[in-house]
Amino acid sequence: MLDSAAEVEKQMKKLRGFALRLCRDRCEADDLVQDTMLRAIEKREQFQQGTNLTAWLFTICRNMFLSDKRKKRMLAEDAEGIFTAYLPSSADTLGALEAKDAISHIVLLPAMYQRVLMLASSGQSYDQMAEAVGVSVGTIKSRLHRARNMLAELLGEPLEVAE
């Protein structure tokens, strides 16, 4: 366990250089260093005395950088308003909030699952969806089932049982 945050702070210069090499952007590197420092202080009980503090911090920094890149790669923007077009009117505020929450999670899904959910929500049949995507009906059913389960998991709801 780390005895104090001061030990971590002494490593900031090295950590900043490492973050700059990863990010290649000063602002992003500064944010990464700050996040790394916070994580290190929060998880200080996991550090084992006698081991290399710099290596431990670099590992935290690298893992946070890679996690952030993975998240960004999976995110898709709704610039054309495709998903927001399906939001209910403000008359049903609770329903609108729930739908908005669902849409904010849909964009976290891989593109092929986003598309199948969008097609299904527009009322298309399995045959029409399969033709639009260029796959078999069985593949559409499978993707739709997986997409719904992924979305339910992201929303913290119970998963569907396969029939």
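Structure: above.
This write-up is about the structure you can find in this document. (Residues numbered from 1 in each chain as written. Predicted model: local features only at pLDDT ≥ 70, side-chain atom pairs only at ≥ 80, totals over all residues. Heavy atoms only, no water.)

## Some words on the environment of methionine 150
Right, so step 1: Mapped onto the elements, methionine 150 comes out in helix α8 (residues 137-155).
Right, so step 2: The exposure class of methionine 150 is partly exposed, given its relative accessible area of 27%.
Right, so step 3: With 42 residues separating them along the chain, methionine 150 and leucine 108 place their C-alpha atoms 9.6 Å apart.
Right, so step 4: Not counting chain neighbours up to four residues away, the residues in contact with methionine 150 comprise Leu109, Pro110 and Tyr113. (Helix = DSSP H or I, 4+ residues; strand = E, 2+ residues; numbered from the N terminus. Buried < 20%, exposed > 50% of the residue type's maximum accessible area, 1.4 Å probe, protein only. Contact = heavy atoms within 4.5 Å.)

## Concerning the nonpolar core
Taken as a class, soluble globular proteins show a tendency for nonpolar side chains to be buried jointly.
Right, so step 1: Core analysis: the largest hydrophobic core is formed by 18 residues, its most contacted members being Leu15, Ala19, Leu32, Ala40, Trp56, Leu57 and Cys61.
Right, so step 2: Listed by contribution, the elements that provide at least two residues to this core are α2 (12-23), α3 (26-42) and α4 (53-74).
Right, so step 3: With seven residues, α4 is the single largest residue contributor to this core.
Right, so step 4: The residues contacting leucine 32, other than those within four sequence positions of it, are Ala19, Leu22, Cys23, Cys61, Met64 and Phe65.
Right, so step 5: In this structure, Leu109, Met129, Ala130 and Ala147 belong to the second largest nonpolar core, which totals 12 residues. (Core = buried A, V, L, I, M, F, W, Y, C linked by side-chain atoms within 4.5 Å.)

## Topic: the pattern of salt bridges
Right, so step 1: Applying the stated criterion across every chain, the model contains two salt bridges.
Right, so step 2: When the shortest N-O distance is used, the salt bridge between aspartate 30 and arginine 16 registers 2.7 Å. Taken together, the residues aspartate 30 in helix α3 and arginine 16 in helix α2 connect sequence positions 14 residues apart.
Right, so step 3: Take arginine 16: its relative accessible area is 28%, and that puts it in the partly exposed class.
Right, so step 4: Where glutamate 28 meets lysine 69, a salt bridge forms, and the shortest distance between an N and an O atom there is 3.4 Å. (Salt bridge = Lys/Arg side-chain N within 4 Å of Asp/Glu carboxyl O.)

## Topic: the packing of helix α6 (residues 111-121) against helix α7 (residues 126-133)
Packed helices, taken two at a time, are described by their axes: the angle between them and the distance between them.
Right, so step 1: Across the interface, α6 lies against α7 with an axial gap of 10 Å and an inter-helix angle of 140 degrees. Classified by the angle their axes make, α6 and α7 are oblique. Here the hand of the crossing between α6 and α7 comes out right-handed. Along its contact with α6, which presents Arg115, Val116, Leu119 and Ala120, the element α7 presents Met129, Ala132 and Val133.
Right, so step 2: For the contact of α6 with α7, the per-class residue count stands at six nonpolar, no polar and one charged. (Axes fitted to C-alpha atoms, helices over the stretch in contact; angles between N-to-C directions. Parallel < 35°, antiparallel > 145°, perpendicular 65-115°, else oblique. Left-handed = near helix turned anticlockwise from the far one by under 90°. Nonpolar A, V, L, I, M, F, W, Y, C, P; charged D, E, K, R; others polar.)

## Concerning the packing of aromatic side chains
Right, so step 1: Across all of its chains, the model carries two aromatic pairs by this definition.
Right, so step 2: Seen from their ring centres, phenylalanine 18 and phenylalanine 58 are 4.3 Å apart, and the 5 degrees between their planes marks the pair as stacked. Note that phenylalanine 18 is positioned in helix α2 and phenylalanine 58 in helix α4, a separation of 40 residues in sequence.
Right, so step 3: For the pair phenylalanine 47 and tryptophan 56, a centre-to-centre distance of 5.1 Å together with 55 degrees between the ring planes defines the contact as tilted.
Right, so step 4: With relative accessibility at 17%, the residue tryptophan 56 sits in the buried group. (Phe/Tyr/Trp six-rings, centres within 6.5 Å; stacked < 30°, edge-to-face > 60°.)

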